[in-house]
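Next come the chains, spelled out residue by residue.
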Amino acid sequence: MEGEKCMITTGCIPKINPDDFDEVWWIVRSPDTIPVKEKLVLLVSELAPSPELFRDYRQAFHAGRFGTEYFQNVYVPWFLKDLEKNLEAQERLEHLCKESRTKRIALCCYCEDESLCHRSIIAGILLGMGAVIETKEEYRKYFEGTGTKGSAWTDFDNGLSE
């Protein structure tokens, strides 16, 4: 682990090895199990979907309506709006942005397909905020407010560009 590059990585909980990171953040509302490792694993529900959004997602999923169209037109705007109103979530994002230069941090949830997961939204916001993060450039659209009418993140100043 010594000499490995500091950055944020995203992934699916069962596929992430906590020993590869300084911190592992589970960005879920309620975990299926609680980790029993000595490694630092944090439950960070502020960066998870709200209970209402999660309930709506589960209903859409079970009704066969969840897919790219639902994700982009319903889930993303709702999730961004919830984040923009959540000061604790904004503080967590600012913290991650700064820590990305000094630690290896994994952001995880249970979703297999990141492109249809809130991890992609969080990753895009962090990318736009200037975090050191391993993610797809296309996710930056969530920072820029694509698909929404503007975004609080476009006015963010993390003080790291100086």
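Look up a bit, the structure's there.
Residues numbered from 1 in each chain as written. Predicted model: local features only at pLDDT ≥ 70, side-chain atom pairs only at ≥ 80, totals over all residues. Heavy atoms only, no water.

Draft legend 1. Local environment of the overall build of the protein chain. Secondary structure assignment for the protein chain yields 5 helices and 5 strands. Each helix and strand of the protein chain, ordered N terminal to C terminal, gives the series β-β-β-α-α-α-β-α-β-α. Each of the 162 residues in the protein chain was classed as buried or not, and the buried ones make up 44%. Roughly 8,800 Å² of accessible area belongs to the protein chain as shown, and the carbon and sulfur atoms make up 48% of that amount. (Helix = DSSP H or I, 4+ residues; strand = E, 2+ residues; numbered from the N terminus. Buried < 20%, exposed > 50% of the residue type's maximum accessible area, 1.4 Å probe, protein only. Areas by Shrake-Rupley, 256 points an atom, 1.4 Å probe, with all protein chains shown as cover.)

Draft legend 2. Structural detail: the packing of aromatic side chains. All chains considered together, the criterion is met by 10 aromatic pairs. The interplanar angle of 45 degrees and the centroid separation of 5.8 Å between the aromatic rings of Phe-54 and Tyr-57 together place this pair among those described as tilted. Of this pair, Phe-54 and Tyr-57 both sit in helix α1 (residues 51-62), 3 residues apart, which is roughly one turn of the helix. Judged by relative accessible area, which is 38%, Phe-54 ranks as partly exposed. Clustering of aromatic rings is evident, with ring pairs tying together Phe-54, Tyr-57, Phe-61, Phe-66, Tyr-70, Phe-71, Tyr-75 and Phe-79. We note Arg-92 situated over the ring of Trp-25; from NZ or CZ to the ring centre the distance is 5.5 Å. (Phe/Tyr/Trp six-rings, centres within 6.5 Å; stacked < 30°, edge-to-face > 60°. Lys NZ or Arg CZ within 6 Å of the ring centre and 35° of its normal.)

Draft legend 3. Inspection of the environment of Thr-135 at higher detail. Along the chain, Thr-135 turns up in the loop between β5 (133-134) and α5 (141-144). Judged by its relative accessible area of 25%, Thr-135 falls in the partly exposed class. Along the sequence, Thr-135 and Ala-123 sit 12 residues apart, while their C-alpha atoms lie 6.5 Å from each other. Dropping the residues within four chain positions of it, Thr-135 is found in contact with Glu-114, Ala-123 and Leu-127. (Contact = heavy atoms within 4.5 Å.)

Draft legend 4. Fine view of the side chain of Glu-46. Looking at the secondary structure, you find Glu-46 in the loop between β3 (41-43) and α1. Side chain to side chain, Glu-46 and Arg-92 meet in a polar contact 3.5 Å long. In contact with Glu-46, other than residues within four places in its own chain, are Leu-83, Asn-86, Glu-88, Ala-89 and Arg-92. (Polar contact = N/O pair within 3.5 Å; in protein donor to acceptor, adjacent residues only side chain to side chain.)

Draft legend 5. Molecular detail of the pattern of salt bridges. Scanning the entire structure with this criterion turns up 7 salt bridges. Arg-119 is the partner of Glu-114 in a salt bridge, and the nearest nitrogen-oxygen pair spans 3.3 Å. One network of salt bridges, with partners in common, ties together Glu-23, Glu-99 and Lys-103. (Salt bridge = Lys/Arg side-chain N within 4 Å of Asp/Glu carboxyl O.)

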